[in-house]
Amino acid sequence: GRRLLRAEVVRPHVCVDEVFGLHWRAGEPAERREILERLARKEMSAEEAAAALARAERTVVVEPDADRAQPIAEGLRDAGDHDIRIIAEQSGLARQVAELRPDVVLIDIANPSRDILEELALASGPSERPVAMFVDRSDEGLTRAAIEAGISAYVVDGLRPERLKPILDAAIARFHIFQQMRAELAATRAALEERKIIDRAKAVLMKARGIDEEAAYALLRKTAMDSGKRLADIAQQLVMAAGLLGR
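Quantities reported herein were computed from a predicted structural model and do not represent experimental measurements.

Helix and strand counts for the chain stand at nine helices and six strands. Out of the 247 residues in the chain, the part that is buried amounts to 38%. Nonlocal contacts in the chain, meaning residues at least 24 apart in sequence, comprise 59% of its contacts between residues at least 6 apart. Accessible area for the chain stands at about 14300 Å²; split by element, carbon and sulfur atoms hold 53% of it.

Written as structure tokens, this is what we have:
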């Protein structure tokens, strides 16, 4: 019998599931539909269905060539639980990706140019999710462009079904590491900005009340505690008020 491939091809206003011999309603996630059908047939409990739905990772594959898209989807299916969506039309890619809200995006480009690479990379939202890009050829400039665009994995001449899982696993891990680094950097920058505001507020109090730095900080802290607000917020309000008064 013919092996059914759990994938859905997404094209604007056109159902092209026939590319893979599939015949279900356009826009319906295949993996999730099967789980819900099994639940309706009482082949699994509600708890099992909920767990299975949570496990099904939504993966978007950007590939206009159906002959190249099919082995990619097969490789993903063999690698685990994937709700696979194939985007064959690259125009309006950012909108399509945003509507599908995938966990991972996989892009396959045969012969990329720098402009196309950057456009596809940015449209796939590399700051929001792991993005793996496979290309048939590359050079130093293209590799640098992919890294600067935030691609989690950039693989040259390596799109083979058996390699998909380890590459995607690495892309996901790298994405989360960089997400943590970005969050820590943002927190550090915010803390530094708050420290500057607090120092400015202390200077305002020291000048206005003729007190030393320690007393100014104690006054700021007491005001924050009494009002139930953050110290940095009280400092910001004081600095803004001083600015309005020209002090």
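From this point, the narrative continues.
Between helix α7 (residues 164–209) and helix α8 (residues 213–227), whose axes approach to 9 Å, the crossing angle comes to 110°. On the basis of the axis angle, α7 is roughly perpendicular to α8. Here α7 runs over α8; the crossing is right-handed. Contacts between α7 and α8 involve R195, I198, A201, K202, L205, M206 and R209 from the former and E213, A216, Y217, L219 and L220 from the latter. Grouping the amino acids of the contact of α7 with α8 by side-chain chemistry returns eight nonpolar, no polar and four charged.

Let us now look at the pairing of strand β4 (residues 104–109). Most of β4 sits out of view: six of its six residues are buried. A two-sided burial pattern is seen for β4, the buried positions comprising V104, L106 and D108 on one face and V105, I107 and I109 on the other. Where strand β2 (residues 57–62) lies against β4, four bridges are found, and the strand directions are parallel. Its bridge partner lying in β4, V61 is registered against L106. Of the pairings in the sheet, the one linking β4 to strand β5 (residues 131–135) comprises five bridges and is parallel in character. Each bridged residue has a counterpart across the sheet, and for D108 the counterpart in β5 is F134. One crossover worth recording links β4 to the parallel β5 by way of helix α5 (residues 114–123), and it is right-handed.

In terms of burial, β2 is largely enclosed, as five of its six residues are buried. Across six bridges, β2 lies against strand β3 (residues 82–87) in parallel orientation. Paired with V60 across the two strands is R85, which belongs to β3.

Parameters at a glance
Residues numbered from 1 in each chain as written. Predicted model: local features only at pLDDT ≥ 70, side-chain atom pairs only at ≥ 80, totals over all residues. Heavy atoms only, no water. Helix = DSSP H or I, 4+ residues; strand = E, 2+ residues; numbered from the N terminus. Buried < 20%, exposed > 50% of the residue type's maximum accessible area, 1.4 Å probe, protein only. Contact = heavy atoms within 4.5 Å. Areas by Shrake-Rupley, 256 points an atom, 1.4 Å probe, with all protein chains shown as cover. Axes fitted to C-alpha atoms, helices over the stretch in contact; angles between N-to-C directions. Parallel < 35°, antiparallel > 145°, perpendicular 65-115°, else oblique. Left-handed = near helix turned anticlockwise from the far one by under 90°. Nonpolar A, V, L, I, M, F, W, Y, C, P; charged D, E, K, R; others polar. Pairing = 2+ DSSP bridges. Right-handed = clockwise from strand over helix to strand, strands pointing away.

Any link to function would need more than the numbers given here.
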